[in-house]
Amino acid sequence: MKRTFIPKAAMPYFIIGLLLITFIPIVNRYLPMPDFARGFLIGLSLALQVIALVIIDRHKRKQACVKS
């Protein structure tokens, strides 16, 4: 089985994005948020996850160039 490696630079973005996307509905259930704030936080969390995926992809491409 091939082991995948996630660079340390991508981990904080990915973890914070996942935590934000998880906690937004929980917080919204107990503390009502305006739609703008909720949408902004959801968009921010998705943007952080995309940034992490871009960093992971760049790292994989860099490793592929080094191996060949």
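A brief look at the structure comes next.

Criteria and cut-off values
- Residues numbered from 1 in each chain as written.
- Predicted model: local features only at pLDDT ≥ 70, side-chain atom pairs only at ≥ 80, totals over all residues.
- Heavy atoms only, no water.
- Helix = DSSP H or I, 4+ residues; strand = E, 2+ residues; numbered from the N terminus.
- Rg over C-alpha atoms; globule rule 2.2 N^0.38 Å.
- Buried < 20%, exposed > 50% of the residue type's maximum accessible area, 1.4 Å probe, protein only.
- Contact = heavy atoms within 4.5 Å.
- Salt bridge = Lys/Arg side-chain N within 4 Å of Asp/Glu carboxyl O.
- Axes fitted to C-alpha atoms, helices over the stretch in contact; angles between N-to-C directions.
- Parallel < 35°, antiparallel > 145°, perpendicular 65-115°, else oblique.
- Left-handed = near helix turned anticlockwise from the far one by under 90°.
- Nonpolar A, V, L, I, M, F, W, Y, C, P; charged D, E, K, R; others polar.

1. Thoughts on the overall build of the protein chain
1) Next: Along its length, the protein chain carries two helices and zero strands.
2) Next: Compactness check: the protein chain gives a C-alpha radius of gyration of 16 Å against a globular reference of 11 Å for 68 residues, more than 25% above the reference.
3) Next: Taken along its principal axes, the extent of the C-alpha atoms in the protein chain is 55 × 25 × 15 Å.
4) Next: Sorting the 68 residues of the protein chain into buried and exposed places 15% on the buried side.
5) Next: Within the protein chain, contacts between residues separated by at least 24 positions form 74% of all contacts whose residues are at least 6 apart in sequence.

2. Let's talk about the pattern of salt bridges
1) Next: Under the criterion given, the structure shown has one salt bridge.
2) Next: In this structure, Arg-61 engages Asp-57 in a salt bridge whose closest nitrogen and oxygen atoms are separated by 3.1 Å. Taken together, the positions of Arg-61 and Asp-57, both in helix α2 (residues 35-67) and four residues apart, correspond to about one turn of that helix.

3. A look at the packing of helix α1 (residues 11-30) against α2
1) Next: Look at α1 against α2: their axes get within 7 Å of each other, and the N-to-C directions meet at 160 degrees. The angle between α1 and α2 falls in the class roughly antiparallel. Handedness of the α1/α2 crossing: left-handed. When α1 is examined against α2, the residues Tyr-13, Phe-14, Ile-16, Gly-17, Leu-18, Leu-20, Ile-21, Ile-24 and Asn-28 are found in contact with a partner set consisting of Arg-38, Leu-41, Ile-42, Leu-44, Ser-45, Leu-46, Leu-48, Gln-49, Ile-51, Ala-52 and Ile-55.
2) Next: Split by residue class, the contact of α1 with α2 holds 15 nonpolar, four polar and one charged.

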